Structures are given as C-alpha cells and as structure tokens.
Amino acid sequence: MMRNRGRPVAALVSSLALVWSFLALPAAAQAAPPPPTLAATPPMGFNNWNAFGCDVNERLIKETADVLVSSGLKDAGYRYVNIDDCWSLRERGPDGRLVPDPAKFPGGIEGVADYVHDKGLKLGIYGDAGTKTCAGYPGSLGHEELDARTWADWGVDYLKYDNCNNQSDGSQEDYIRRYTAMRQALDKTGRVIVYSICEWGTSQPWTWAKGIGHLWRTTGDISDNWASLRSIIRQNAPLAPYAGPGHWNDPDMMEIGNGGMTATEYRTHMSMWAMMAAPLIIGTDLRTASAETLSILGNRALIAIDQDRLGVQGAVVSDENGLMVLDKPLANGDRAIALYNSTDTLATVSVATAGTGLRPAGAYRLTDVWSGAETQVKSTISAGVPAHGTVVYRVRPLRDPAHVAPAVAVGAELGTVVPGPTGGGTLTTTVTNRGVGTIRDLSVAAHVPEGWTAAPLSSAERARLATDTTLRTTWRLNVPAGTPAGHYPVDITASYRWGPRHRPATTSSQIIATVVTAPEDGRRHLSTISPVTSANATGPVEADQSNGGALENDGNLITIAGHVYQRGLGTTTGSELRYYLGGRCSRLVTDVGLDDEAQGGPATFTVYADDTAAATSGPVAAGEAPKPLTADLTGAAWLRLVAESPTSGTHTDWAKPVLTCGDVPDDSPILPQSQTLFSFESGTEGFTIANPGDGGTVTQSPSFHTEGANGLAVSTPVAGNWFGRTLAAPVDLSGRTMLKFDLKAGDVGTVGEIAVQVGESFTWCQGGLWTWTNPHSSRTVTERFDQISCPVGVTLDRSDIRAVWVFLNTGGEVLIDDIRAE
Ligand code: GLA
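First things first, this report covers the structure right here in the doc. (Residues numbered from 1 in each chain as written. Predicted model: local features only at pLDDT ≥ 70, side-chain atom pairs only at ≥ 80, totals over all residues. Heavy atoms only, no water.)

### Brief notes about the overall build of the chain
Right, so step 1: Check the secondary structure of the chain and you find 11 helices and 51 strands.
Right, so step 2: Reported as C-alpha extents along the three principal axes, the dimensions of the chain are approximately 105 × 85 × 55 Å.
Right, so step 3: For the chain, contacts bridging at least 24 residues in sequence account for 72% of all contacts bridging at least 6.
Right, so step 4: Approximately 34800 Å² of the chain is accessible, and the part contributed by carbon and sulfur atoms is 52%.
Right, so step 5: Measuring between centres, the 64 positive side-chain charges of the chain sit 12 Å from its 86 negative side-chain charges. (Helix = DSSP H or I, 4+ residues; strand = E, 2+ residues; numbered from the N terminus. Contact = heavy atoms within 4.5 Å. Areas by Shrake-Rupley, 256 points an atom, 1.4 Å probe, with all protein chains shown as cover. Lys, Arg positive; Asp, Glu negative; His and termini not counted. Charge placed at Lys NZ, Arg CZ, Asp CG, Glu CD.)

Put into structure tokens, the structure is as follows:
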C-alpha cells in the first residue's frame, strides 16, 4: 500500500523538474538560476554567551536543543544552536587542529552537531580572527583553512568570528583582509555555513562586509541593562540602508529573560530587534525561562516582521527628544510602524501616515503586535507609550473604517509630587481621537494610589470628540503628608463610545509619579541622601567612593591629590545630581577635585540653587589640591551638582559634601554621627594579634590615613589573623547600626571582616561579610550589627562591647585606619 502510494508522487516531482528546466532555458539563456541566498532572512537561534559566558558544555547545548523543540520556539523559527567562546582546549592538537575540551564536550563537537541535526536544528561555533579568542583560547589568524575545514568536517552550520588579539594595524584594509581570509576558507570547504562577523562595529563593517559575511556586529557587547539596550538601538537604527537579504546589521544577541531589565524593556528589545531586521539570537537559559520570557521570544507577529521576506531593515522616520519612529515595509504591502519611547516618562509618540511609506488612503487599520487589538486611524498613528516602551503596529490601508474601533491616544505629563497640604502636583492628561469618526460620551479618570486625590481643574468630559482633536485636562494631585519618597503608578483611563452602534471602549496609559521629600533638619553627609535624579557618564554615581568603572560599587576611597576622604560622591563628567530641598535648606559645604584614580580634565564643578549658580570651582586640573566650595541654598526648591569637562568621563569627586537644613547651629553634629574607636594617631593604640603563633605585625604608619595624619600598617600572614584589642573598659555602642574601617590593600588583594567580643564572657560575635579588594585599591569595609552573628543563645549586646578585632589575610602589607561605629 505504502509503496504504491509513494511511487507516483516521486514520478510527478521529477517530471515537474524536467518541465521547469525545459521552460527556463530559453528565457535565462545559459545563466544558471541564482543559488538561494543563505540567511535570506535574519538568522534565528540561541547562543550561550549572554547567560553562561565560558560555562559552556555538551549537556547545555543538547538540553537547549531539546527545549527549542519542546517549547515551540523551533516552530516559531529559531534554528541555530550556537556555541560561543571557551569550547576548545588551550592548545591546538599535534596535527595543528583545534581540539574540543573533552571535559566540556566528551562527544566532541561532531557529537553535538549530530544531536542537534537529528532535531532538525543547526549548530554554530565560535572562532576568532586573531591569535587568541577573547577568553584566551587558540585563534584562527593564519590557521583559517585548517580551522574552517575542521568545523566543516564536524558538521558546523554557523560561525561567529570574533576580533580579539587581532594583531591589527587598525586599518579597514586589515579588517577586510582578516575577515575575507575566513570567507575564502569557508568557501573552500564546500559546506553551507552562515558567517557572522563579530568585530563590534570597529571598522564600520556595514560599508564593506556585504558579500563577505551574512551579518556583522555593529556595536560593542550588549549587557543586560537598560542603558546598554538604549545605546545599542541608537547606534544600530541609523544603519538601515546597509541591511538586506544575506547581509544583516547585528546589534548583538538578546538579553531577554536574563533578569536585568523590566518586562516593558524586554518587549522593547524584541520589538526593536524585529523592526531592525536583526538576527534573533536568544541569550537566556531556556531550560528555566519563565512563561513571560518564552512569550516575548515567541511573539509570532514580531517574528513575522523580523523574518519578512522583503528583508528591509526599518528606517528611522523621526527621532526627537528620545522618541523614535521606525517604518518597515513588508512583503504583502503592509508596513510595520514602531513608536519607541526611550525617555524615563510616559510620552505620546506620533507619526503622520504621509511621513511613512504607507500609500495614501482614507483610513488605515492598525494591529497591535503585543495585544492583537485592531483599531483604525485617519492620518496619524499615535499612542501613549510608557517609559522605555515600544508600541508596534502592523498597518494597512482600510476601506471601510466604520466597523473598526478608532485609535485613541492617552497621554499625560506629571512633574515631581510633594506630600502634604502645601505640596501636591499638577497632572495634565490628553486624550486624542485619531480615528475616522467622532467618539462620544468621553470621560477621563485618573486612578491614584490609595489616600491620594486627583481633582480635575478643567473638564474631564466631552460629549463628542472629532477626528484629530484633543481633550486636555489639568488635575490637582494631593498626596498625604508622610508619604515616603519614591515612584508610584497613576493610571489614566479614557472611556467613550464609538461607531453607529455606540459601542463602549476604553484606552489606558500609566504614568509614574515621583514623590520627593525635603531632607530632615540637621547637618548631613550628602552621600547619605538619595538624589531624585542622577545622571553620570560612566556607570552609576558612587556614594562614599570614587566613580571607579562602569559597575556599581567599584570605586576606591575618594582621593584628591593624595588626600583621602571617607565621605563623598564619585562622579564622572558630565554628571548632574538633583536633590529636592523644598526651600528648607541653607548651605552646602564641600571639597571638589579630580580623583587620583584617573587623569583627565580639567573639570568645572558648579552647585546650583534652583537655576542660580551658587558656587563654582572654575577649571580644576588633575593633581590639583582639593578646592573648598560653600553654596548658599536659602529658599531653593532644588539643589543640583554639575561637573563638566571638555573630556567626558573625567573622574570628578564631591568630597565630604555636607548639607545644612532647618534651623540648626553651625556646630551641630554631622549626621549620621560616627564614633571613632581607633584612629592610630597616638601609635598602634594597643593593637595586638589574636593568634600570635600564626604570625603578623602592626606598626603606626603615615602612608595611608583618612582623618588625621596616621593609620596602621599590618603585615598579614597568608592565611590571615585577627588584629585588635580588648578594651580598657566596656564600650556602649547602643544606637549605632554598623561598624566600619578604612582599608588600602598592598601588592595583593585582601579580605576584611570585623568581630566584637561582648558581655562578661567575652563571647565572639563576627560577621559573615568578606570584602575582597584589588591590589592597591582602597575602600571602607562596612559591617552592620544585624549581620554579625553570635553563637547560639548569645545576643549581641551593643551596650557591652568588650573587644574589637579586624580580620586581614592574603599576606603582605595592608593599611587600615579609623575603626568606628556609626
Ligand atoms: C566578545 C564578543 C562576545 C563574546 C565574547 C567571548 O566580547 O563580542 O559576544 O563572544 O567575546 O569571549
């Protein structure tokens, strides 16, 4: 039965083929039909790097292949399972070939390839156009042919080719040479292999790599945070003219699901990658991915836009004030239009249909790719888009708009909100009918958090709202006194009726209210007060340390021309910090200067009381002594600290800034108050070594100190020892919340810990917080009392501290100072 059914089908296929070649001959003369373009649409798949880094192995790759199939992502189009850096041994084999690490890939790459191919998937590998990969494994420069042949022999279908250790003179010619060498080597293998050029946009590959690679990275590495996503979109979006079937801009692998961004941001990630016809390479652990992650990655409407066979990257049709509109033509004549809001607040993003590639029509149908909702517009596509959000519509002309709901855009603006009867805030809402036909019985409501009120100061209702008209309403918000500073959602809902049958409908948007509160009375270290907004060139602004690098908490103690500070703000130019004062503060006193950790500058520091420059440093050069500034803030609602420089990213310190608020004497204590236990000004202050047999010494030393002129130099044994002393009399630290000391590491890193002995039994209570530091780096080691643990049955009685110790190890000299309670 089976055999009988099989044969005629085969015969039919071959006779059709015969007819085709016969008919094709005269028209095409001798020319062969063009081969199907490889990567005719942007490649889709998975790569382990973003979620696992070097921690790659056979099991991960196989299990990921399993999940691609079982989750339906394979059916949605994800095909390539790509292995990134660190898959090989550190040395080539005796035959010169790359060798898969047998601990990670016991079945070899060939084994994984077979497994993946059996599932109908394809396998990708990673190499480098340099002497070593980025993680230090063998690179392919000078070994192109052998490596390409090796990969082809193993059954590899995709090569990501990196750019570390490239021995390059930096010229574009050199980039073209190195990447073409691998192109030719891949061609020689005869195997069909997608070629992904990864040189981070360095040599503008979009200008030369078409015809060499199927895709090329356009930017540095993505990371799982909003600033990275926003910056990559900004760089990749303008490159639309360079993309097309078989040659794509690659803004890097996706971070969706890795936890560093909100769902709104991950939806923007997926939306903008699809609009930019970007390769969709999943970079999260699919085996543990949430339903939400899978639904974002599996959005079929967006995948269809990304994979559309026309193969055109969406063009930027407008880009103003952080609001961007992209327009992507699709093969069936539809267009995908994205409204992207990169700002930090709700915004109405709009585009006239005449400003897009849509052909003129009386109306257009919009299909929202996330909700599936269908609406119609007359001539403007517009929506209230949340902060960091993106709305994508699939759009086509519409002949009869009467039966499709009109698109209604709900927008809002809201400044900062101050709690209490004299405070409040002003909310402005806008509702705009963009559809063909009047909407009726419109009413707008603002849903505020419990205890708040929102009262309209102008009408929030309209009997009829015609096409392209707006109802604008101003609202007075009242927020109960005592509401903590923070972010609170306010939902705006427009309810109305539409069409001949007066059908009810609603449209909503959410705006985030920022509640600010003035500092309490007293003199306070500014580094202990949260700014309302904080902008910085390199990573976050750091409190009580210099800026360091791009990560949080990666600075050193603030150091200006050798002067070390325990308190302050580490920024890089151009930075701006805004604090709400509510007219309640009088003065800011601070030192300013360039941090010794990095050169740059000169830089200018300005303290603004509202819009008035209340103090300014003038240009400060690297190595210059700290400059004192005093700013009169009387009556100001806002304090702003601005550091500027012709060299962006100069390390600028606000050292020991103290803010005075309310009516307090000039000599009132600076809060939070701290009590010095040991300052080493009079010698080693009786410091001893807990376990003398284990080694170590202590000496007073002027070479590192925070307050005063001296600190303590400790030579530590490699395995560590406790340094400290039994106190002459018990010390009462009740009311204090933490212990601190300042530390500078020697030639090697070190570990700091604090312990106290309490009560008559001198019971040891010690913290579990170990702080690793890099050689020569300095920082304040902090241990909260509630993180210090005592033996079972003992409570840490802060009023009866009998001895204080610090633990230091790794060998060599460690400098410490100012052991204190705060
Ligand atoms: C570079 C690439 C990354 C990743 C790593 C691996 O940084 O850009 O995508 O492949 O190397 O070391």
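After presenting the structure, the write-up continues.
### Re the state of the cysteines
Right, so step 1: Summed over all chains, the structure comprises four disulfides.
Right, so step 2: Each disulfide pairs two cysteine sulfurs, and for Cys54 the partner residue is Cys86, the sulfurs being separated by 1.9 Å. One end of the pair, Cys54, is in the loop between helix H2 (49–52) and helix H3 (58–70); the other, Cys86, is in the loop between strand E2 (80–82) and helix H5 (108–118), with 32 residues separating them in the sequence.
Right, so step 3: Overall, the relative accessible area of 31% leaves Cys54 in the partly exposed class.
Right, so step 4: A sulfur-sulfur distance of 2.1 Å marks the disulfide that ties Cys765 to Cys790. Judged by the sign of its S-S torsion, about 110°, the bond between Cys765 and Cys790 is right-handed. You can see Cys765 sitting in strand E46 (residues 763–767) and its partner Cys790 sitting in the loop between strand E49 (788–789) and strand E50 (801–808), a full 25 residues away along the chain.
Right, so step 5: Residue classification places Cys765 among the buried residues on the basis of a relative accessible area of 0%.
Right, so step 6: Should the bonded cysteines of the chain be numbered as they appear in the sequence, the pairing reads 1-2, 3-4, 5-6, 7-8.
Right, so step 7: Left without a disulfide partner, Cys198 is nearest to the cysteine sulfur of Cys134, which lies 6.9 Å away.
Right, so step 8: The exposure class of Cys198 is buried, given its relative accessible area of 2%. (Disulfide = S-S within 2.5 Å. Buried < 20%, exposed > 50% of the residue type's maximum accessible area, 1.4 Å probe, protein only.)

### Concerning the packing of aromatic side chains
Right, so step 1: Summed over the entire model, instances satisfying the criterion amount to 14 aromatic pairs.
Right, so step 2: Between Trp722 and Trp764, the ring centres sit 5.4 Å apart and the planes meet at 65°, which makes this aromatic pair edge-to-face. Note that Trp722 is positioned in strand E43 (residues 721–731) and Trp764 in strand E46, a separation of 42 residues in sequence.
Right, so step 3: For Trp764, a relative accessible area of 31% puts it in the partly exposed group.
Right, so step 4: An aromatic cluster is built from Tyr161, Tyr179, Tyr195 and Trp208, whose rings are joined through pairwise contacts. (Phe/Tyr/Trp six-rings, centres within 6.5 Å; stacked < 30°, edge-to-face > 60°.)

### Looking at the nonpolar core
Right, so step 1: In this structure, Tyr78, Trp87 and Trp273 are the most contacted members of the largest nonpolar core, which totals 81 residues.
Right, so step 2: Per-element tally for this core: the top contributor is helix H9 (residues 263–275), with six residues.
Right, so step 3: In this structure, Tyr78 is in contact with Met44, Gly45, Leu68, Leu73, Leu121, Met254, Met270, Leu280, Ile282, Leu297 and Ile303, ignoring residues within four places of it in sequence. (Core = buried A, V, L, I, M, F, W, Y, C linked by side-chain atoms within 4.5 Å.)

### A short note on the site of the ligand
Right, so step 1: Surrounding the ligand, one finds 13 residues, the nearest of these being Asp84, Asp85, Lys160, Asp162 and Asp221.
Right, so step 2: Burial of the ligand by the surrounding chains reaches 93%, relative to a free accessible area of 310 Å². (Near = heavy atom within 4 Å.)

### Some remarks on the layout of surface pockets
Right, so step 1: Space inside the second largest pocket adds up to approximately 980 Å³.
Right, so step 2: What lines the second largest pocket is a set of 42 residues, and nearest its centre among them are Ala543, Asp544, Gln566, Arg567 and Lys740.
Right, so step 3: Listed by contribution, the elements that provide at least two residues to the lining of the second largest pocket are strand E26 (533–535), strand E27 (542–543), strand E29 (563–565), strand E44 (738–744), strand E48 (778–784) and strand E51 (812–821).
Right, so step 4: With five residues, E48 is the single largest residue contributor to the lining of the second largest pocket. (1 Å grid on protein atoms, 1.4 Å probe; cavity = no way out; pocket = protein on both sides within 12 Å on 5 of 7 lines; lining within 4 Å. Points joined across faces, edges and corners; volume = space filled by probe spheres on them.)

### Considerations on empty space enclosed by the protein
The rolling of a water-molecule-sized probe over the atoms marks out the regions of remaining empty space.
Right, so step 1: As enumerated under the stated definition, the model contains three cavities of 30 Å³ or more in all.
Right, so step 2: Considering only enclosed or pocket space, the largest cavity measures out at about 90 Å³ in volume.
Right, so step 3: Along its surface, the largest cavity is lined by 13 residues, and Tyr158, Lys160, Ser196, Asp250 and Met253 are the ones closest to its centre.
Right, so step 4: Only strand E4 (158–162) and strand E6 (215–217) provide two or more residues apiece to the lining of the largest cavity.
Right, so step 5: For the lining of the largest cavity, the per-class residue count stands at six nonpolar, three polar and four charged.
Right, so step 6: Volume-wise, the second largest cavity comes out at about 60 Å³.
Right, so step 7: In terms of lining, the second largest cavity is formed by 13 residues, of which the most central are Trp87, Ser88, Tyr126, Thr133 and Pro138.
Right, so step 8: No other element matches the three residues that strand E3 (residues 122–128) contributes to the lining of the second largest cavity.
Right, so step 9: Counted by class, the lining of the second largest cavity contains seven nonpolar, four polar and two charged residues. (Nonpolar A, V, L, I, M, F, W, Y, C, P; charged D, E, K, R; others polar.)

### Digging into unusual backbone geometry
Right, so step 1: Residue Gly574 is reached from Thr573 by a cis peptide bond, and omega for that bond is -20°.
Right, so step 2: With respect to the helices and strands, Gly574 occurs in the loop between strand E30 (568–572) and strand E31 (575–580).
Right, so step 3: Residue Pro602 follows Gly601 across a cis peptide bond; omega there is 0°.
Right, so step 4: The topology assignment puts Pro602 in the loop between strand E32 (585–594) and strand E33 (603–609).
Right, so step 5: Phi is positive for Asn553, which is not a glycine, with a value near 65°.
Right, so step 6: You can see Asn553 is positioned in the loop between E27 and strand E28 (558–560).
Right, so step 7: Phi is positive for Phe762, which is not a glycine, with a value near 55°.
Right, so step 8: Mapped onto the elements of the fold, Phe762 is located in the loop between strand E45 (750–758) and E46.
Right, so step 9: What makes Phe762 partly exposed here is its relative accessible area of 28%.

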